[in-house]
Amino acid sequence: MEDAEIIASADVHKMILDNFGELHKMNKLNGIEKIKKIHLISEPFTQENDILTPTFKIKRNIARNVYKEKIDEIYKAGL
């Protein structure tokens, strides 16, 4: 399987969300703290693509702008 196929696989998404679900239960998180939807990407966050600082902190405003379209799509789809 290629990266693109893995990233697009519904089974992979389900497996990841199931693992998060187990962590939610173990840590007794509230509903608002639970991860309900994910979007996988093949390109890592790096300094070269300007999403990480030199101290490896995420530049949230830049990441939000880069993935704005996908974020909006997730919120529009609802849960």
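Structure: above.
Let us look at the structure shown here. In this convention, every chain numbers its residues from 1, walking through the sequence in written order. It should be noted that, the model being predicted, local features are given only for residues of pLDDT at least 70 and side-chain atom pairs only at 80 or more, the latter also being counted only at that level, while totals for whole chains, interfaces and linings use all residues. With hydrogens and water set aside, each side-chain value is computed from the structure's full complement of heavy atoms.

## Description of the overall build of the chain
The secondary structure listing takes helices from DSSP runs of H or I that are at least 4 residues long and strands from runs of E that are at least 2 residues long, numbered from the N terminus. Tallying secondary structure elements over the chain gives 4 helices and 0 strands in all. Listed by position from the N terminus, the elements making up the chain come as α-α-α-α. In this setup the radius of gyration rests on C-alpha atoms only. A globule is expected at 2.2 Å times the number of residues raised to 0.38. For a compact globule of 79 residues, the expected C-alpha radius of gyration is about 12 Å, and the chain comes in at 15 Å, more than 25% above that figure. Oriented by its inertia axes, the alpha-carbon framework of the chain measures out at about 35 × 30 × 25 Å. Every one of the 79 residues in the chain was classed for burial, and the buried ones make up 14%. We call two residues in contact whenever any of their non-hydrogen atoms come within 4.5 Å of each other. Look at the contacts in the chain between residues 6 or more apart in sequence, and 29% of them connect residues 24 or more apart. With the model as given, the accessible surface of the chain reaches about 6,700 Å², and the carbon-plus-sulfur share is 56%. Residues counted as positive are Lys and Arg, residues counted as negative are Asp and Glu, and His and the chain ends are not counted. Taken as the charge centre is NZ of Lys, CZ of Arg, CG of Asp or CD of Glu, depending on the residue. One finds the centroid of the 13 positive side-chain charges in the chain at a distance of 12 Å from the centroid of its 13 negative side-chain charges. When a residue's accessible area, from a 1.4 Å probe over protein chains only, is under 20% of the maximum for its type it is buried; when over 50% it is exposed; and in between it is partly exposed. Here the Shrake-Rupley method, with its probe set to 1.4 Å, supplies the accessible areas, and only the displayed protein chains count as covering residues.

## Topic: the layout of surface pockets
Only protein atoms enter the calculation, which uses a 1 Å grid: trapped sets of points that fit a 1.4 Å probe without letting it out are cavities, open sets showing protein on both sides within 12 Å along at least five of seven lines are pockets, and any residue with an atom within 4 Å of a point is a lining residue. Grid points are joined across faces, edges and corners, and a volume is the space filled by probe spheres set on the points. In this structure, the largest pocket occupies an estimated 630 Å³ of space. Listed by contribution, the elements that provide at least two residues to the lining of the largest pocket are helix 3 (60-66) and helix 4 (68-77). When residues are sorted by character, Ala, Val, Leu, Ile, Met, Phe, Trp, Tyr, Cys and Pro go into the nonpolar class, Asp, Glu, Lys and Arg into the charged class, and all the rest, Gly among them, into the polar class. When grouped by side-chain class, the residues that make up the lining of the largest pocket number 11 nonpolar, 2 polar and 6 charged.

## Topic: the environment of N61
You can see N61 is positioned in helix 3. Residue N61 is classed as partly exposed on the basis of its relative accessible area of 45%.

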